Amino acid sequence: MTLQEFLQHTAERKPLRGAEIGQFMNEMSDEARRITCQMNNAYHTPDEIRKLLARLTGQPVPDTVRVFPPLYADFGKNIHLGENVFINDCCHFQDHGGITLGDGCQIGHGVVFATLNHGLAPEDRQTTYPAPIVLGRNVWVGANATILQGVTIGDNAVVAAGAVVTKDVAANTVVGGVPARLIHVIETKPETK
């Protein structure tokens, strides 16, 4: 299996099962762990961190991205970072299903992005099901929040610390709790020209 075949498979939200997919996932996980161990076990300048992130993701990382290690990823090749993204320490990216952080996103300490879920039936428990997580522009995710598979968070939204987000979040809102629910609507000023 090639990376492109795997990414297409997950984009179509097909189940992840079978020897070929399992072998590919193990190899990619090994590579991601090697890169994140290198990133996490010594001091690196911001430029060096971005170079390691580029190796992890397999694509260029904007010069405006800032990451405070440690950072953990179990795949790496399905992470997409916009401009001016900040990721605080101890975040976990389970990115097989795809994680997109739009321009200006701020990610707090210990945030978990989980793009896989297991089958609920005991006989299906070994199968995982991918779905992407997409954050719009200027999203702020508070410390220790968890964002689950298939969730889209709209522009300018805020996820409170410790929230578990199981459903889409509208733009310009604040959500919090377990499971996360609407707490507040953010008033926006009309744009002036």
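Residues numbered from 1 in each chain as written. Predicted model: local features only at pLDDT ≥ 70, side-chain atom pairs only at ≥ 80, totals over all residues. Heavy atoms only, no water.

### Brief notes about the pairing of strand β17 (residues 173-176)
Move 1: Neither face of β17 is exposed, since T173 and V175 on one face and V174 and G176 on the opposite face are all buried.
Move 2: Counted between consecutive antiparallel strands, the loop separating β17 from strand β18 (residues 181-185) contains four residues, among which G177 sits at a positive phi close to 100°. (Buried < 20%, exposed > 50% of the residue type's maximum accessible area, 1.4 Å probe, protein only. Helix = DSSP H or I, 4+ residues; strand = E, 2+ residues; numbered from the N terminus. Pairing = 2+ DSSP bridges.)

### Examining the sheet that holds strand β5 (residues 91-94)
Move 1: Overall, parallel pairing links the five strands, which are arranged β2-β5-β8-β13-β16 in an open sheet. Either end of the sheet is taken by a strand with one partner, and the two such strands are β2 (71-73) and β16 (164-165).
Move 2: As judged from the two bridges shared by strand β13 (residues 146-148) and β16, these two strands associate in the parallel manner. Paired with I147 across the two strands is V165, which belongs to β16.

### Remarks on empty space enclosed by the protein
Move 1: Overall, the coordinates contain one cavity of 30 Å³ or more when judged by the stated rule.
Move 2: Lining the largest cavity, in full, are L53, L71, I79, L81, I87 and F93.
Move 3: Among the residues forming the lining of the largest cavity, the class breakdown is six nonpolar, no polar and no charged. (1 Å grid on protein atoms, 1.4 Å probe; cavity = no way out; pocket = protein on both sides within 12 Å on 5 of 7 lines; lining within 4 Å. Points joined across faces, edges and corners; volume = space filled by probe spheres on them. Nonpolar A, V, L, I, M, F, W, Y, C, P; charged D, E, K, R; others polar.)

### A look at the environment of H80
Move 1: As for its placement among the helices and strands, H80 is situated in strand β3 (residues 79-81).
Move 2: Judged by its relative accessible area of 28%, H80 is partly exposed.
Move 3: For the pair formed by H80 and P60, sequence separation is 20 residues and the distance between their alpha carbons is 9.5 Å.
Move 4: The contact partners of H80, leaving out residues within four places of it in the chain, are Q59, I99, T100 and L101.
Move 5: A distance of 3.2 Å separates a polar atom in the side chain of H80 from a polar atom in the side chain of Q59. (Contact = heavy atoms within 4.5 Å. Polar contact = N/O pair within 3.5 Å; in protein donor to acceptor, adjacent residues only side chain to side chain.)

### Here we look at the environment of D74
Move 1: Tracing the backbone shows D74 in the loop between β2 and β3.
Move 2: With 63 residues separating them in the primary sequence, D74 and R137 have C-alpha atoms 25 Å apart.

### What to know about unusual backbone geometry
Glycine aside, a negative phi is what most residues show, and trans is what most peptide bonds show.
Move 1: Cis geometry marks the peptide bond from P69 to P70, where omega comes out at 5°.
Move 2: You can see P70 is positioned in the loop between β1 (66-67) and β2.
Move 3: With an omega of -10°, the peptide bond running from V178 to P179 counts as cis.
Move 4: Locating P179 in the fold gives a position in the loop between β17 and β18.
Move 5: Unlike most non-glycine residues, N84 shows phi in positive territory, near 55°.
Move 6: Position of N84 among the secondary structure elements: in the loop between β3 and β4 (86-87).
Move 7: Look at N172: it is not a glycine, yet its phi comes out positive at around 60°.
Move 8: Tracing the backbone through its elements, the reader meets N172 in the loop between β16 and β17.

### Focus: the packing of aromatic side chains
Move 1: A full pass over the atoms with the stated rule returns five aromatic pairs.
Move 2: With 5.0 Å between their ring centres and 40° between their planes, F93 and F113 make a pair best called tilted. Separated by 20 residues along the polypeptide, F93 in strand β5 and F113 in strand β8 (residues 112-114) bring together distant segments of the chain.
Move 3: For F93, a relative accessible area of 2% translates into the label buried.
Move 4: Feature note: the residues F6, F24 and F75 constitute an aromatic cluster, connected by ring pairs. (Phe/Tyr/Trp six-rings, centres within 6.5 Å; stacked < 30°, edge-to-face > 60°.)

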